[in-house]
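Spelled out from the first residue to the last, the chains are:
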Amino acid sequence: MSWRSPFRCSKFRHVFGKPATKEHSYDGVPISRSVHDNHYCSANPCFVAVVTECAGGGAFLVLPIRCMGRIDPQYPRVCGHRGRVLDVKWNPFDDYCIASCSEDCTVKIWDIPVCGVQQNITRAKKTLMGHSRRVAIIEWHPTAENLLLSSGYDYKVLLWDVSQVGTVVRRPVRVVLMPIHHRYPSEALLLSVSFNNDGSRLAVTSKDRRIRVLEPRTGNILQVSSNKTHRANKVLYIRGLKMLLSTGSSPWNHRQIVLWDPDDLSEPLYEEDLDGSAGVLFPFYDADTQMLYLAGKGDGNIRYYELSAEKPYISFLIEYRSLLPQKGLGVMPKRGLDVNVCEIFRFYRLIAIKDLVEPLSMIVPRKQSGIFQEDLYPMTAGNQAALTAQEWLMGINRGPLLMSLRPEAHVENPYADIPADKRALRQLSSLRFQMGPADGAATNTNLHFVEKAFLEEQLAYQDAKYPRDLDDLSAWQPDETECPLWSYCCTPHCCEPAEKPPPMTERELLQVFYKQQDDIRGLREELHQKDARIAQLELEIKNRSTTRPTF
């Protein structure tokens, strides 16, 4: 029998957690005191949303990702709920769209301005009204656009299409679970949910502490686990390894992690007792590195593991420790990480006792940290939907569209692309009110056509909250306080050779728009090169100062 070392060779063996300083954290945030087992925080490459404590309703803060330091107590909030906000989730395919659920029995969809929240937002873009008791869980579909799952304390699990017409949506597109004949089964009161890689399966944990695998389109229960040896609290699909991971407690009230085969929940693949603490364990999995992070509510530590498809399936790496306990955690998507410092994961720890939101970066130490490390950053899920909500409801399954984290990389959509005329209308939609009304009926027709496409695709955000009727533009006048997009105020006799009149047709407008996009792309490349040069010079200065001889 050959000897086998208990230690596994891994390039993530020395991953370390680097907390941000107080100047680079978000200080003075009144974090919610709610006792629900939710994260209360959600992040994307543009904003960080944190559920806050307030009197008379519910609210949450939306902070720009670069707005660090001390937060003004009077900072504007999103405060349209009548009850306490229980959770928030950013749309994975729209960095300016966020969903929130509340004790007022509603789910609301909000549009966040590109420049951030400048004043209190009280009116939501969409209000989903289908629950009769508080809504505790919301989850976006991983590959289909505009699909949102909600679960409430009325024993209903509903699936919504948030692209439906109207500001109030009362009919979900699917009812996954609901009471039958006034019976309220414990399996319909969910504690956590998780979609698989293509969204064709849904794993849930319920009040009876069992794990169930559902078909989300029909609500059919495919697999049910036993609660004799493991009482599950949170469940997570291990994407790429075809496994389920659950956290919970053993019959002796020890916190456990358990691995399951999603096609057979009769027996677990792996079980491990961790400790005797009472806090809920939140699992986070990175499919690109196959690393698992376990963070307990009320704990100050975060454990790292590496998973594999072969026994023993899970290997402990190291542990991050802090003296400050976390109430919840937000996770930055992979496309928002800093690849120049070999950052592979980033948490946003909610430290309620300090009113602090602390970014925590997981970094792999490398000698040359300024170079893109291809082995650390494989192709990952991007911010484009693989299919529409209607396609998914018709039974089509597709995996996520992948993108490269290499700077300035671009990956083509492998699925059917948007038609050229529709793509042009998407790009024209943001310019719809900057065209002058001097073109008469033709201009009105073009604007009406552009506005219709704009409403269908929902690519503009704050301007689309209260769409105006474009059938009658007789009373419309341009805003004289703002500079028009193309200023042409001189007569032909005094016109300089470099000046040109504004484009009069859609073809000319598209040419100008594409030229502006090329100019912006060129400026971004120059800025990136200058930033790289600045970092190189700073490193040279630091090396010279450390190697200076002493006499």
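A brief look at the structure comes next.

Each value, and the rule that gives it
Residues numbered from 1 in each chain as written. Predicted model: local features only at pLDDT ≥ 70, side-chain atom pairs only at ≥ 80, totals over all residues. Heavy atoms only, no water. Pairing = 2+ DSSP bridges. Helix = DSSP H or I, 4+ residues; strand = E, 2+ residues; numbered from the N terminus. Salt bridge = Lys/Arg side-chain N within 4 Å of Asp/Glu carboxyl O. Buried < 20%, exposed > 50% of the residue type's maximum accessible area, 1.4 Å probe, protein only. Contact = heavy atoms within 4.5 Å. Axes fitted to C-alpha atoms, helices over the stretch in contact; angles between N-to-C directions. 1 Å grid on protein atoms, 1.4 Å probe; cavity = no way out; pocket = protein on both sides within 12 Å on 5 of 7 lines; lining within 4 Å. Points joined across faces, edges and corners; volume = space filled by probe spheres on them. Nonpolar A, V, L, I, M, F, W, Y, C, P; charged D, E, K, R; others polar. Polar contact = N/O pair within 3.5 Å; in protein donor to acceptor, adjacent residues only side chain to side chain. Patch = residues over 30% accessible without salt bridge, like charges linked within 9 Å, V, L, I, M, F, W, Y side chains within 5 Å. Areas by Shrake-Rupley, 256 points an atom, 1.4 Å probe, with all protein chains shown as cover. Lys, Arg positive; Asp, Glu negative; His and termini not counted. Charge placed at Lys NZ, Arg CZ, Asp CG, Glu CD. Core = buried A, V, L, I, M, F, W, Y, C linked by side-chain atoms within 4.5 Å. Expected span 1.5 Å × (residues − 1). Phe/Tyr/Trp six-rings, centres within 6.5 Å; stacked < 30°, edge-to-face > 60°. Lys NZ or Arg CZ within 6 Å of the ring centre and 35° of its normal.

Turning to the sheet that holds strand 10 (residues 107-111), a few remarks are in order. What links the strands of a sheet is backbone hydrogen bonding, and the strands pair in either a parallel or an antiparallel sense. Judged by pairing direction, the sheet is mixed, and its 5 strands sit side by side in the order 8-9-10-11-15 without closing on themselves. Strands at the two margins of the open sheet, each flanked by one partner only, are strand 8 (85-91) and strand 15 (168-169). Bridging between strand 9 (residues 94-102) and strand 10 involves 5 bridges; their strand directions are antiparallel. What sits directly across from I98, in strand 10, is W110.

Moving on, we come to the pattern of salt bridges. The full count for this structure, using the stated rule, is 23 salt bridges. Between E343 and R346 there is a salt bridge; the shortest N-O distance is 2.8 Å. With respect to burial, E343 and R346 carry one shared label: buried. A salt bridge links R366 to D375; the nearest nitrogen and oxygen atoms lie 2.8 Å apart.

On to the pairing of strand 17 (residues 190-195), then. By the criterion of burial, strand 17 is predominantly enclosed, with 5 of the 6 residues buried. Inspection of the sheet shows strand 17 paired to strand 18 (residues 202-206) by 5 bridges, in the antiparallel sense. From the neighbouring strand, S192 faces strand 18, where its bridge partner is T205. Hairpin connection between strand 17 and strand 18: a loop of 6 residues separates the two successive antiparallel strands, and G199 in this loop has a positive phi of roughly 75°.

Summarising the element assignment, L159 is placed in strand 14 (residues 157-161). A relative accessible area of 1% means that L159 is categorised as buried. Each C-alpha atom, one on L159 and one on V173, is 5.9 Å from the other, the two residues being 14 residues apart in sequence. Beyond its immediate stretch of four places on either side in the chain, L159 contacts L147, L148, L149, P172, V173, R174 and W392.

Read from one edge of the open sheet, 4 strands run 12-13-14-16, paired in antiparallel fashion. Each edge of the open sheet is held by one strand with a lone partner, namely strand 12 (135-140) and strand 16 (174-177). For this sheet the average axis-to-axis angle between neighbouring strands, irrespective of direction, equals 25°. Bridge analysis of strand 14 against strand 16 gives 3 bridges, and the strand direction is antiparallel. Looking at the pairing, L159 lines up with R174 of strand 16.

Attention now goes to empty space enclosed by the protein. Per the counting criterion, the structure on display carries 1 cavity of 30 Å³ or more. Broken down by class, the residue content of the lining of the largest cavity amounts to 5 nonpolar, 1 polar and 2 charged.

It is worth spelling out the environment of E343 at this point. Looking at where E343 falls in the secondary structure, it is placed in strand 30 (residues 343-351). Beyond its immediate chain neighbours, meaning those up to four positions away, E343 contacts L337, D338, S361, M362, I363 and Y377. Within the structure, E343 has its side chain in polar contact with the backbone nitrogen of D338 (distance 2.9 Å).

Now for the pairing of strand 18. Counting buried positions along strand 18 yields 5 of 5 residues, so the element is predominantly enclosed. On strand 18, burial covers both faces: L202, V204 and S206 on one face and A203 and T205 on the other are all buried. With 4 bridges connecting them, strand 18 and strand 19 (residues 211-215) associate as antiparallel partners. When the sheet's bridge partners are listed, L202 is paired in strand 19 with L214.

Here we come to a negative patch on the surface. Together, D263, D264, E267, E271 and D273 line one region of the surface with negative charge. Among the structural elements, D273 can be located in strand 24 (residues 270-273).

Our focus in this paragraph is the nonpolar core. By size, the foremost hydrophobic cluster in this structure holds 40 residues, and its most contacted members are L148 and L149. Residues contacting L149, with those up to four places away along its chain left out, are I137, I138, E139, V157, L158, L159, V176, V193, F195 and L202. Counting 34 residues, the second largest nonpolar core, distinct from the first, contains C41, A43, V48 and A49.

A few words on helix 4 (residues 506-546). Helix length check: helix 4 (41 residues) gives 60 Å between terminal C-alpha atoms against 60 Å at 1.5 Å per residue, within 8%. Buried within helix 4 we find L509, L510 and F513.

The next point concerns the packing of aromatic side chains. Taken as a whole and judged by the stated rule, the model has 11 aromatic pairs. Both rings, one in Y293 and one in F345, keep their centres 4.5 Å apart while their planes meet at 20°; by these two values the pair is stacked. Residue Y293 is found in strand 26 (residues 291-296), and its partner F345 is found in strand 30; the two are separated by 52 residues along the sequence. Each member of the aromatic cluster is reached from another via a ring pair, and the members are F284, Y293, Y304, F345 and F347. Of note, R134 hangs over the ring of Y153, and the distance from its end group to the ring centre comes to 4.0 Å.

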